[in-house]
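# Fold and contact review
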Amino acid sequence: MTVSKSVLVIGGSSDIGHATALRYAERSWQVALAARDTITAQRNADDIKARTGNDVAVHALDILETDRLAAFVDDLPALPDTVISVVGELGDQARAERDIAHAAMVMRTNFEAPSLLLGLFANAFAARGSGTIVGVSSVAGDRGRGSNYVYGAAKAGFSQFLSGLRNRMALTGKVRVVTVKPGFVRTRMTAHLKLPAPLTVTPARVAADIYAAAEESPRDVIYVGRRFWLVMTIIGLIPEALFKRLKL
Amino acid sequence: MSDLAGWGNYPRIPTEQLVPARAEAIAPLLAGRSGLVARGQGRAYGDAAVGMATTLTSSRLNRMRRFDPASGELTVEAGVTIADILATYVPRGFFLKVVPGTKFVSIGGAIAADVHGKNHHRDGGFGDHVIALRLMLPNGEIVTCSRHANAELFHATVGGMGLTGIIVEATLVLMPIETGWLVQETHVAEDLDAAMAALERTAAHTYSVAWIDCLARGRALGRSLIYAADHASAADKDRFAPARDAFPPQRRAGPSMPAFMPSFVLNPLAVRGFNALYFRRGARQALTPQLVHWDPYFFPLDTIGHWNRIYGPRGFLQHQCVIPAANARRVLAEILDRVARRGSASFLAVLKQLGDSHGLMSFPLRGYTLAMDFPIQDSLFGFLDELDAIVTAAGGRLYLAKDARQSRATFAAGYAGLDGLRDIRRCIGATDKLVSHLSARLGI
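Only a predicted model underlies this, so the values are computations on that prediction, with no experimental measurement involved.

## Some thoughts on a nonpolar patch on the surface
- Residues A:Trp229, A:Leu230 and A:Ile234 make up a contiguous nonpolar surface patch of roughly 300 Å² in combined accessible area.
- Mapped onto the elements, A:Trp229 comes out in helix H8 (residues 226–237).

## Thoughts on unusual backbone geometry
- Cis geometry marks the peptide bond from B:Tyr10 to B:Pro11; its omega dihedral reads -10°.
- Within the secondary structure, B:Pro11 sits in the loop between strand E1 (2–4) and strand E2 (13–18).
- Positive phi outside glycine occurs at A:Ser28, with the angle close to 70°.
- Take A:Ser28: it is sitting in the loop between helix H1 (15–26) and strand E2 (30–35).
- With phi around 60°, B:Asn9 is a residue other than glycine that occupies positive phi space.
- As for its position among the elements, B:Asn9 is in the loop between E1 and E2.
- When its relative accessible area of 11% is taken as the criterion, B:Asn9 is described as buried.

## As for the nonpolar core
Residue and element names in this part refer to chain B.
- By size, the foremost hydrophobic cluster in this structure holds 68 residues, and its most contacted members are Ile85 and Phe126.
- The dominant element in this core, judged by the number of residues it contributes, is strand E10 (residues 166–176), at 5 residues.
- In terms of domain composition, this core takes at least three residues from each of domain 1 (64–178) and domain 2 (181–412).
- Excluding anything up to four places from it in sequence, Ile85 contacts Met64, Leu74, Val76, Val80, Val90, Leu96, Ile107, Leu172 and Leu174.
- Cys214, Leu221, Leu332 and Phe374 belong to the second-largest nonpolar core, a separate cluster that totals 38 residues.

## Quick notes on the environment of A:Ala113
Residues and elements named next belong to chain A.
- The residue Ala113 is located in helix H5 (residues 100–128) in this model.
- Between the C-alpha atoms of Ala113 and Ala57, which are 56 residues apart in sequence, the distance is 22 Å.
- Excluding residues within four positions of it along the chain, Ala113 makes contact with Ile63, Leu64, Thr66, Leu69 and Arg108.

## Regarding the interface of chain A and chain B
- On the side of chain B, 15 residues touch chain A, which itself brings 16 residues to the contact.
- The contact between chain A and chain B buries some 1200 Å² in all, and 37% of this surface belongs to carbon and sulfur atoms.
- Of all residues in chain A, A:Arg43, A:Ala50 and A:Arg51 give up the largest surface area on contact with chain B, accounting jointly for 56% of the area buried on that side.
- Connecting chain A to chain B are 6 salt bridges.
- A salt bridge links A:Asp15 to B:Arg60, with the shortest nitrogen-to-oxygen separation between them at 3.5 Å.
- In this structure, the connection of chain A to chain B is made through 13 residue pairs in polar contact (both at pLDDT 80 or more).
- For the side of chain A that touches chain B, the secondary structure elements donating two or more residues are H1 and helix H2 (38–52) of chain A.
- Top element by residues in the side of chain A that touches chain B is H2(A). It accounts for 9 residues.
- Residues belonging to the side of chain A that touches chain B are distributed by class as follows: 3 nonpolar, 6 polar and 7 charged.

## Some thoughts on the sheet that holds E2(A)
Residues and elements named next belong to chain A.
- The strand order across the open sheet formed by 7 strands is E3-E2-E1-E4-E5-E6-E9, and the pairing between neighbours is parallel. Of all the strands in the sheet, just strand E3 (56–60) and strand E9 (221–223) have a single pairing partner and so form its edges. Averaged over all pairs of adjacent strands, the angle between their axes in this sheet comes to 20°, without regard to strand direction.
- Pairing of strand E5 (residues 131–136) with strand E6 (residues 175–181), which is carried by 6 bridges, proceeds in the parallel orientation. The residue bridging Val134 from the neighbouring strand is Val178, located in E6.
- On the sheet, helix H7 (residues 203–216) packs against strand E4 (82–85), E5, E6 and E9 and is oriented at approximately 160° with respect to E6.

Conventions and cut-offs
Residues numbered from 1 in each chain as written. Chains lettered and ligands numbered in written order. Predicted model: local features only at pLDDT ≥ 70, side-chain atom pairs only at ≥ 80, totals over all residues. Heavy atoms only, no water. Patch = residues over 30% accessible without salt bridge, like charges linked within 9 Å, V, L, I, M, F, W, Y side chains within 5 Å. Areas by Shrake-Rupley, 256 points an atom, 1.4 Å probe, with all protein chains shown as cover. Salt bridge = Lys/Arg side-chain N within 4 Å of Asp/Glu carboxyl O. Helix = DSSP H or I, 4+ residues; strand = E, 2+ residues; numbered from the N terminus. Buried < 20%, exposed > 50% of the residue type's maximum accessible area, 1.4 Å probe, protein only. Core = buried A, V, L, I, M, F, W, Y, C linked by side-chain atoms within 4.5 Å. Domains from an automatic or database assignment. Contact = heavy atoms within 4.5 Å. Buried area = accessible area lost by both parts, 1.4 Å probe. Polar contact = N/O pair within 3.5 Å; in protein donor to acceptor, adjacent residues only side chain to side chain. Nonpolar A, V, L, I, M, F, W, Y, C, P; charged D, E, K, R; others polar. Pairing = 2+ DSSP bridges. Axes fitted to C-alpha atoms, helices over the stretch in contact; angles between N-to-C directions.

By themselves these figures say nothing about function.
If you want it as structure tokens, here you go:
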């Protein structure tokens, strides 16, 4: 009998968290969700159980309470084989420009807190000698744009943290770090935005790409949708002197 | 405010659209608003799911709650679709007891319209397999309704077109299947008598339906292909296709209609040609049983995304009536004769037997239902009024999920439950609160 592997999804109340957890459960992984909003996370857990027949655990976690993160990792019933952070907060750019507390919350939610938590898992995985860490960042972190640079800067920081962590882990052995950069995804976070249909993907698509990159054909950094990789490559090539004058 | 229409793209009406993320988010939206109605996937053809002021779309109430494989009982949020349920549970060996002609409908919508399938004559409507539902009343309170608790409300909500509250959750029964395949037989009927006889003869099969060539006239009036089918047993599947998967996954989506077709595409000559080819192809398969995948069997049109666009930007109307069995032969002949003489292009015409229904406002009654699509032209409305007069005189009625234009008189003549529904609406405070363009048009 094979013992099934386990995955912990941080941000389990979100639509991408739900879709990702479902993807793993469909492939017979033991799934746990961590979220601040445990009611919504439990709704997702119930859905996954109804669909797959597999029980899904829910852990309460307020990721912004960073002094409790170490205890959260220590208190888990078992260290998972894979940990995935889909934590994110788009915030409101205009508000972040005048409200320092809002800007700080966006930065902490997208960069500080998930980086610290995944750093703790990296240490625990390194001590065990195995594990896969997946951080869902964003294409918004590839270049700062006037319309959402507070969010983008935080995601950029998170992407760089994952890059450095991957480098450190690769030199010591068995722990893998995967960076996932979705573009536009139709979720609760973006429900109020008008998104360009050809570039917009479903949470299920993000989930499928995460599973493939983490568990099937290992990759270090993925863009969800090749079209977005192309778009971001072009955006990255625009000289700053020109870029700063564009409305993006 | 943005324009919203049903599947027929007629009428298009401005409405505020809200997409609550969870059932708990609905009550605050109800407070301080009136003229709302819930909408699922927008597959009602006319104005049933466009709110007078506000339309509450259920697309994000898409989580399943629990499933018991021993009893087959499945509880889902109202925005879960039939497509989602079948994609999830066919591989586990379960099927819904009743499915309509498209899988892209929400469970809330399927209950509100008490949709029927090709097995209505045997197994009843969608609502007959709903054990319980959770309904948010206009005051924001959520009540559980079933045949035992709040039975009157349950009875009015099945087929009640969303006018008794917002369905937020439902418990259904799934049935076990041995395979995801069907064994289908095709019968050829050269005229209406033969078609009706074939439907009666094949009524012992789980599913039976006739595709009818509305352009055939004279002695060929009512010529049809009758499809009868049953779920394939494991032995059937092994006999026909031993190498195939017993529970095949849903088919991948095919091409989508990229834009509205110009109206000349659907000219009578083209439809006549299509129908002739379709009839000949069907006749070739006659009486040779075939093994058919569940997805194309039940949902042939779903493989073409946005097929409604073939009728052009003005949209189309579907006229679906039911005629009590006693008058059916004569009345159907008269309707078909008028349609054939008008020569208007309807290549999707379906004839089938229906049994009794149990919702206060459910469409089916024991007899025959005929559904025909017509591209919108100025002359169409008067023509359909004439058909309505024939239907009403025969004791029949029109399907509200397809309706965009029937008169109040036609409606009131067909639906004896109307006064009862109005009473319940008054009683729960829904009269001004829950109003769709359909309910306002028909004075519900």
